[in-house]
Structure formats: structure tokens, C-alpha cells
Amino acid sequence: MADKVIKEEKKQQRFIMALAVTSIVTMMNNTTVSVSLPSFMEIFAIDVRAAQWVIVGYMLPLGMCMPLSGYLGARYGYRKVYLLMLIFMGIASLGCAVAQSFYILVAFRFLKGVFAGIIIPFTISLIYYYIPKYKQVKYLGISNMTNALGVTIGPSMAGFILQYGSWHALFLFNIPLIMLAFWLSYRALPKSAGNKATKRTDILGIGQICFGTGLVLLAFTNLEIWGVKAAKFWLMIVIGLALVAVFIYRQGRIANPLLNFAVLKYRSFAVTVIVSAFMATVLGINGLLNNI
């Protein structure tokens, strides 16, 4: 019995290490690139408005795809989706590193944002699914701490890499960390993690949340260019928020919702979501503030 408890404890430790490494990688993917915008502007002969798409191209799909995380985990299994997204993130990082043009770089950043947007919510979902209730607060604290660590060390790491290497190394640096996260996750996550197959795919809901959040994020991305009085800015905001509102209303009334908002009645989970949202907001503006 004692051996079983020790074995399970070690497995949980590998699990939180996997989530920690993954969190650091996903957070660093913004702050490392943000301080590198001047280098991209010089190398690709572009202005700051174009260069910012190296950041926006990651953040925009990240925000759009986060709501799909729960559905994909329940539909195909959290373990399978989590491991696949790590593999795809590694491939996208390699694509960024070998990109020969600015547009190819942004395209691979966009793909990486899609995969990261699906992975990030898993760091919370898997803790609630896999970790005993009496340990969840501790593990959530570790997860949030590693998110902050990724944000903090990103600029310093980028400065060091750019001082002694090229911008390609900014993306190659991710690959060993992703491989480590994959190895730890493969060993720690049970094969049954999250296998709750659903029979229907809510295509309408996917379209509502993706386009809704995408329009809002895109509107604020172009706020400096268009101005706060621009009709197209407010049109995108209104349509985007309306789609999100319809999505939320509809999710409470269908059999297999993409997001189950009823879980927000649990105080600890709701607080965790609010803290994570605040950190994501700070992270999103951090890159551009560094270059004003």
C-alpha cells in the first residue's frame, strides 16, 4: 500500500513538472519575441506595425482557440490532445526557426498560437481531473507561478540569445523544452485521462466563439491604426461581443456544450480562471509596451 502511494506521488510530481515546463514555454513564446521586434524590423525591412504581427500572430489564435480546449479534451481524450499539441508546437517552433520570409514566420507563429491556445487551459483542467482535491490548490499555485516565471525570464533569455546568437535560436530554444514536457507528460498522464467521448460536434458554437473572440482581439490589435472613433473598430467590437454573448447563452441550453459555465459556481475554480485571465491580459500587452 505504501509503495503504491509513493509511486502515485512520484507520478503526480512528474505531472506537475510537465505542466510547469509547458507553461514556461507557452508564456516565453511572447516575451522572448517581444524584445526581438527591432531585430525583425531590421532583418525583414519592415516597420513596427508589421513587426508586431510576430506577437499578434501568436496571441490572436491563442485567444480564439482556448475555448475549444475542453471540447477537444472530452471528445478525443485530454492525454491524446495534450501530447499531440505539444508535438505540433515543436514542429511549429522548427518552422519559425527555418522561416526564410516574414510572412512564413508569422504563419508558423499563427499555427503555434492555435496549438498553445488549446494546451494552456489543459494546465488547469488536468489538475482538476487528475490531482486529488486536497492537493489542487497547491498544484494550481505552482501552475500560476510557472506562468509568471515564463513571463519574467523571457526578455532576459531573449536578450542573452540575441547577444550571442541569431533570432533563429529564439525558436530553436523551445524545442528541447517541448521535448522534455512531452516526455514527462507521456510518463505521468494515464491513458484514460479525459476520455469522455461526445457524439456531436457543435460546429455552430465553434464558429461563434472563434469568430467572436477573433473579431474583438483583431479590433483592439488595430486600435492604434484605426483610432477609437473608427466605425469599423466599433462594428467589430459589437459583432464580436454579440457572438460571444450568443455563444454563452446557447451553451447553457444544449446537451453537449463546448464550455460548461456551471463550473464557475465553484469558487476556487472561478478565482483560478480570473487570475489566469488577468495574467493573460498582462502578457498580451507586455510585448507591445516593451517596444513603445
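Everything that follows concerns the structure shown earlier in this document.
Predicted model only: the values in this text are computed from it and were never measured.

Quick word on the overall build of the protein chain
Along the protein chain, the regular secondary structure elements total 14 helices and zero strands. Reading the protein chain from its N end, one meets helices and strands in the order α-α-α-α-α-α-α-α-α-α-α-α-α-α. Going through the 292 residues of the protein chain one by one, you find that 46% of them count as buried. Put simply, the protein chain shows about 15,100 Å² of open surface, and 70% of that area lies on carbon and sulfur atoms.

Looking at the side chain of T146
The residue T146 is located in helix α8 (residues 133-164) in this model. What T146 contacts, discounting residues up to four positions off in sequence, is A20, S23 and I24.

As for the packing of helix α4 (residues 53-65) against helix α7 (residues 102-130)
Running from N to C, α4 and α7 cross one another at 30°; their axes reach a closest spacing of 7 Å. Viewed along their axes, α4 and α7 adopt a mutual orientation that is roughly parallel. The interaxial crossing formed by α4 with α7 has right-handed handedness. Along the contact surface, α4 presents W53, V54, I55, G57, Y58, P61, L62 and C65, while α7 presents F102, L105, V106, R109, F110, K112, G113, V114, A116, G117, I118 and I120. Tallied by class, residues from the contact of α4 with α7 come to 15 nonpolar, three polar and two charged.

Brief notes about the packing of aromatic side chains
Per the counting criterion, the structure on display carries 13 aromatic pairs. Taken together, F40, F44, F102, Y103, W167 and F171 form an aromatic cluster joined through their ring pairs. Of note, R79 hangs over the ring of Y186, and the distance from its end group to the ring centre comes to 4.9 Å. A cation over a ring is seen here: R253 above Y249, with NZ or CZ 3.9 Å from the ring centre.

Thoughts on the side chain of S23
Here S23 lies in helix α1 (residues 2-34). For S23, a relative accessible area of 2% translates into the label buried. In this view, S23 contacts T123, S143, T146 and N147; residues no more than four positions away in its chain are not counted.

Things to note about the nonpolar core
The nonpolar side chains of a soluble globular protein tend to be buried, and buried together. F15, F40, Y82, L105, L126, I127 and F171 are the most contacted members of the largest nonpolar core, which has 66 residues in total. Sequence-distant contacts of I127, that is, excluding residues within four places in its chain, are made with F15, I16, L19, F122, Q136, Y139, L140 and S143. Grouped together as the second largest cluster of nonpolar side chains are six residues, V216, A219, M236 and I237 included.

What to know about helix α2 (residues 37-44)
Those residues of α2 lying buried are L37, F40 and F44. Along the axis of α2, the buried residues cluster in a sector spanning 60°; they form a single face. At the exit of α2 stands A45, carrying a positive phi of roughly 55°.

The rules we used
- Sequence order as written defines residue numbering, which begins from 1 separately in each chain.
- At least 70 in pLDDT is required for a residue's local features to be given in this predicted model, at least 80 for side-chain atom pairs to be given and counted, and no such filter applies to totals for whole chains, interfaces and linings, which use all residues.
- The basis for every side-chain value is the complete set of heavy atoms in the structure, and neither hydrogens nor water enter the calculation.
- Only DSSP runs of H or I reaching four residues or more are called helices, and only runs of E reaching two or more are called strands; each is numbered from the N terminus.
- Exposed residues in this analysis have more than 50% of their type's maximum accessible area, buried residues have under 20%, and partly exposed residues fall in between, with area computed by a 1.4 Å probe over protein chains only.
- Per-residue and other accessible areas were derived by the Shrake-Rupley procedure at a 1.4 Å probe size, with only the shown protein chains allowed to occlude residues.
- For this analysis, residues touch if any pair of their heavy atoms sits within 4.5 Å.
- Whenever a helix is involved, its axis is fitted only over the stretch in contact; in every case the axis is a line through C-alpha atoms, and angles between N-to-C directions fall within 0 to 180 degrees.
- Comment on the angle field: the value is read as roughly parallel under 35 degrees, roughly antiparallel over 145, roughly perpendicular from 65 to 115, and oblique elsewhere.
- Helix crossings are classified by the rotation of the near helix relative to the far one: an anticlockwise turn of less than a right angle makes the crossing left-handed, while a clockwise turn makes it right-handed.
- Each residue is assigned to one class: nonpolar for Ala, Val, Leu, Ile, Met, Phe, Trp, Tyr, Cys and Pro, charged for Asp, Glu, Lys and Arg, and polar for all the others, Gly among them.
- Classification of ring pairs uses Phe, Tyr and Trp, with its six-membered ring standing for Trp, and accepts pairs whose centres are within 6.5 Å; under 30 degrees between planes counts as stacked, over 60 as edge-to-face, and the remaining range as tilted.
- Cation placement over rings: the criterion is NZ of Lys or CZ of Arg within 6 Å of the ring centroid and within 35° of the ring normal.
- Here the nonpolar core consists of buried residues drawn from Ala, Val, Leu, Ile, Met, Phe, Trp, Tyr and Cys, with membership extended through side-chain atoms lying within 4.5 Å.
- Summarising the geometry, the arc corresponds to the directions from the helix axis toward the C-beta atoms.

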